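# Structural characterization, general
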Amino acid sequence: MKTNVIELVGLTKRYGSFTAVDHLNLTIGKGEVFGLLGPNGAGKSTTILMLLGLTEPTEGSVEVCGIRSTSHPIEVKRKVGYLPEDVGFYDDLTGLENLIYMARLNSIPAQTAKEKALRLLERVGLQNETNKKTGKYSRGMRQRLGLAEVLVKSPEIIILDEPTSGIDPAGVREFMDLIRRLSKEEGITVLFSSHHLHQVQQVCDRVGLFVKGSLIAEGNIHQLSQKLFSGDFLTIKAKTAVEQPSLQADFQKLKGVHAVRLQDGTYFIECTEDVTAVIAETAVKSGAGLKYLQKTEYGLDDIYNRYFS
Amino acid sequence: MKKIFHDLLNGKKGQNRSRNGVIHPFRVIVRKEMSDHMHSWRFIIMVAIIALTCFGSLYTSLSNFSNAVKPNDPEGAFFFLKLFTLSDGTLPSFMVFISFLGPLLGISLGFDAINTEHNRGTLSRVMAQPIHRDYLLNAKFVAALAVISILFFALGFLVVGLGLIIIGIPPTAGEFLRITAFLLISIFYVAFWLNLSILFSVLFRQAATSALASIAVWLFFTVFYSMIVNLIAKAIVPPETASMRYMIGYQNFILNLLRVAPSNLFSDAGTTLLMPAVRSLGPLSMEQVQGAIPSPLPLGQSLMIVWPQLTGLIAATTVCFGLSYFSFMKREIRSR
């Protein structure tokens with residue numbers, strides 16, 4: 001049986017009349033990588049702050065490893081590593097010094113702190129920058145140093161708030177691999193907030209979709225899109241080599257096709273099931289030839305458009 | 001004092017340090033803050049300015065020294081203290097300098113304590129560590145105060161030492177204690193300004209705003225406050241036919257108004273400690289003075305006179321600290 005390390009019950013945070021987080025119920029099991037997905041201002045960061053006891057919930061309860069964050073934030077912070085969005089360092093200290101400082105705030109003795117810091121810097125790939133002042137670090141390097149710092153206290157849970165914003169694609173991939181490895185090798189529970197669907201898709205076991213302060217769906221990506229878009233039409237875009245007026249009617253006759261629209265030589269075919277193969281066949285058979293065929297997948301854009309408007 | 005600092009810095013005391021060399025997180029922050037202060041340019045600049053003025057005032061007092069010591073002076077036995085109060089009119093004395101530059105030193109060490117931490121994005125990182133939230137605030141205060149104390153004692157004793165070499169007469173134990181008490185009061189005085197600027201650094205997100213606000217308060221009290229009190233004094237001046245009791249009440253009222261300004265509290269306290277002949281900080285009636293022997297007061301009596309001033313300074317410091325505490329503890333810590 002899986003044990004729950006994070007349990008949020010009826011969690012609510014109001015700022016005046018504005019409700020940032022609205023009766024949130026969420027449990028995360030040990031060793032899980034959970035993605036909190038949602039647009040900016042959805043209440044992801046506020047939820048994270050309440051998890052750490054950095055702000056007080058208006059209602060509801062937060063338990064991390066069975067400890068209440070509101071009354072015992074110190075014990076919670078001992079177990080949780082937190083990488084804030086847009087992390088900052090003491091610019092006039094080197095990366096190593098920054099790490100050692102944080103380690104010592106966690107009551108790690110000086111000698112151990114140094115060894116540990118060096119090991120972690122190597123792990124996140126900063127072994128050549130240990131003695132460089134963090135003021136001269138690039139964004140990606142800062143993010144990796146941030147991750148090293150989160151790990152320096154040997155946490156049971158790590159919480160990453162938008163860790164990939166502002167890093168180039170290669171850096172993002174590296175960072176994601178690192179997180180994935182950590183969770184697999186050391187059994188660390190990871191809570192990950194992001195507004196990039198494909199990044200969340202890469203690493204997360206489970207995703208919670210967060211819009212306007214409430215969790216509208218949770219599950220793995222597949223379940224999520226099924227849950228959100230069941231009963232919806234799939235759109236297939238097709239472009240033929242030659243214009244052929246009869247083709248629109250042909251497509252219309254296919255089983256499962258709901259509507260066909262022709263726009264600038266591209267067919268937009270709305271269908272209830274995946275008929276991509278049949279469409280290709282029809283187009284080729286008609287002699288019009290096929291130049292381009294695409295099944296539109298529902299991404300975050302669609303989710304945003306649907307739940308945010 | 002030195003031992004306290006030593007312990008504070010190195011944590012050598014048995015109970016404070018556990019077996020495996022773990023240093024309490026509070027001490028870790030204090031250490032870092034102290035080293036930050038000492039490496040910062042603004043601190044170096046402030047130290048340079050204060051050291052320069054110290055030696056400038058030492059020079060003026062020494063060049064005027066021979067004229068100052070008169071026979072039958074009730075303070076004759078305390079001429080060593082004149083090093084701190086004497087001036088030839090071209091440069092103010094050591095005490096006046098401290099009352100003027102001390103606030104600047106305090107402000108410069110505190111105005112960006114919390115807001116810079118916030119703007120750099122380090123506040124939420126530090127707050128995510130298993131430490132109590134007030135550690136940061138307390139550590140900032142303790143570190144700055146420790147740096148100020150070390151500086152003031154070093155400068156004060158340097159002046160004493162140089163004076164000793166130049167005039168060749170050692171201070172008596174009483175004088176030494178008075179100088180130490182004066183330095184302690186200066187530290188309390190700077191602590192007030194330090195706390196005021198820490199309060200502003202909690203309240204204002206921009207370091208520049210908080211620096212300006214602190215300097216505005218300082219300017220208000222050094223320049224405008226006495227003018228305003230003068231205006232009030234002129235407006236409510238009693239008629240010449242008023243009774244003695246009324247006149248004394250009026251004088252006391254004006255004095256008390258002036259004492260709202262921390263600089264006034266400090267100069268009252270400093271004067272009393274460094275000029276043992278000062279018997280009262282308020283008006284004295286003829287009856288009270290009659291029969292008094294024109295001799296200096298013992299240290300204990302001088303301390304009794306300045307006790308209210310000292311309490312006032314500590315109270316003002318505590319109020320500022322309490323306010324910043326109140327505003328910081330319940331605050332939501334967002335990144336940037």
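Residues numbered from 1 in each chain as written. Chains lettered and ligands numbered in written order. Predicted model: local features only at pLDDT ≥ 70, side-chain atom pairs only at ≥ 80, totals over all residues. Heavy atoms only, no water.

## Observations regarding the overall build of chain A
- Secondary structure assignment for chain A yields 11 helices and 14 strands.
- With the principal axes as the frame, chain A shows a C-alpha extent of 80 × 45 × 40 Å.
- Split into buried and exposed, the 309 residues of chain A put 51% on the buried side.
- In chain A, the share of contacts with a sequence separation of at least 24, taken over all contacts with a separation of at least 6, comes to 67%.
- Each charge class in chain A can be summarised by its mean position, and for the 37 positive and 37 negative side chains these summaries are 2 Å apart. (Helix = DSSP H or I, 4+ residues; strand = E, 2+ residues; numbered from the N terminus. Buried < 20%, exposed > 50% of the residue type's maximum accessible area, 1.4 Å probe, protein only. Contact = heavy atoms within 4.5 Å. Lys, Arg positive; Asp, Glu negative; His and termini not counted. Charge placed at Lys NZ, Arg CZ, Asp CG, Glu CD.)

## Brief notes about the confidence of the model for chain B
- Summary statistics for chain B give a mean pLDDT of 84 and a share of 89% for residues scoring 70 or more.
- Low pLDDT, under 50, characterises residues 11-18 of chain B; the predicted model gives this stretch 11 contacts beyond four residues in sequence or across chains. (pLDDT = per-residue confidence, 0-100.)

## Brief notes about the domain arrangement of chain A
- Structurally, chain A comprises domain 1 (4-228) and domain 2 (231-308).
- Centre-to-centre separation of domain 1 of chain A and domain 2 of chain A, based on C-alpha positions: 41 Å. (Domains from an automatic or database assignment.)

## Thoughts on the packing of aromatic side chains
- Counting across every chain of the model gives 18 aromatic pairs over all chains.
- When the ring of Phe84(B) is compared with that of Phe94(B), the centres are 5.0 Å apart and the planes differ by 90 degrees; the resulting orientation is edge-to-face. With Phe84(B) in helix α5 (residues 82-85) and Phe94(B) in helix α6 (residues 94-110), this residue pair connects regions lying 10 residues apart in the sequence. An identical accessibility class is assigned to Phe84(B) and Phe94(B); each is buried.
- Taken together, the ring pairs in this structure connect Phe84(B), Phe94(B), Phe182(B), Tyr189(B) and Phe266(B) into an aromatic cluster.
- Here Arg261(A) stacks its cationic end above the ring of Phe268(A), 4.7 Å away from the centre of that ring.
- Above the plane of the ring of Tyr90(A) lies Lys32(B), whose end atom (NZ or CZ) is 3.7 Å from the centre. (Phe/Tyr/Trp six-rings, centres within 6.5 Å; stacked < 30°, edge-to-face > 60°. Lys NZ or Arg CZ within 6 Å of the ring centre and 35° of its normal.)

## Quick notes on the side chain of Ser210(B)
Residue and element names in this part refer to chain B.
- Structurally, Ser-210 is set in helix α11 (residues 207-235).
- A residue is classified by how much of its surface remains accessible, and Ser-210, at 0% relative accessible area, is buried.
- Excluding residues that lie within four positions of it along the chain, Ser-210 makes contacts with Phe-111, Asn-115, Phe-200, Ser-201 and Phe-204.

## Considering the interface of chain B and chain A
- With 30 residues of chain B at the interface, the matching set in chain A holds 34 residues.
- Looking only at chain B, the three residues that lose the most surface to chain A are Arg125(B), Gln129(B) and Pro130(B), adding up to 24% of its buried area.
- Counting the contacts that link chain B with chain A gives 1 salt bridge.
- Across the pair Arg125(B) and Glu149(A) runs a salt bridge, and its minimum N-O distance is 2.4 Å.
- Summed over the shared surface of chain B and chain A, the result is 13 residue pairs in polar contact (both at pLDDT 80 or more).
- Breaking the side of chain B that touches chain A down by element, the ones donating at least two residues are α2 (25-39) and α8 (123-127) of chain B.
- When residues in the side of chain B that touches chain A are grouped by element, the largest group, 5 residues, is from α2(B).
- For the side of chain B that touches chain A, the class distribution of residues is 11 nonpolar, 8 polar and 11 charged. (Buried area = accessible area lost by both parts, 1.4 Å probe. Salt bridge = Lys/Arg side-chain N within 4 Å of Asp/Glu carboxyl O. Polar contact = N/O pair within 3.5 Å; in protein donor to acceptor, adjacent residues only side chain to side chain. Nonpolar A, V, L, I, M, F, W, Y, C, P; charged D, E, K, R; others polar.)

## What to know about the pattern of salt bridges
Residues and elements named next belong to chain B.
- Following the criterion strictly, the structure yields 21 salt bridges over all chains and no others.
- Linking Asp-36 and Lys-32 is a salt bridge whose minimum nitrogen-to-oxygen distance equals 2.6 Å. With Asp-36 and Lys-32 both in helix α2 and 4 residues apart, this pair spans about one turn of that helix.
- For Asp-36, a relative accessible area of 21% gives the class partly exposed.

## With respect to the sheet that holds strand β14 (residues 290-295) of chain A
Residues and elements named next belong to chain A.
- Pairing within the open sheet is antiparallel, and its 4 strands lie in the order β12-β13-β11-β14. If you trace the sheet from one side to the other, it starts and ends with β12 (257-263) and β14, each paired once. Between one strand axis and the next, the sheet turns by 20 degrees as a mean value, whatever way the strands run.
- Across 6 bridges, the pairing between β12 and strand β13 (residues 266-271) is antiparallel. Within the sheet, the bridge partner assigned to Ala-259 lies in β13 and is Glu-270.
- This element, helix α9 (residues 246-253), spans β11 (234-240), β12 and β13 of the sheet and lies at about 160 degrees to β12.
- Strand contacts of helix α10 (residues 276-285): β11, β13 and β14, with the helix running at about 165 degrees to β14, the strand carrying the most contacts. (Pairing = 2+ DSSP bridges. Axes fitted to C-alpha atoms, helices over the stretch in contact; angles between N-to-C directions.)

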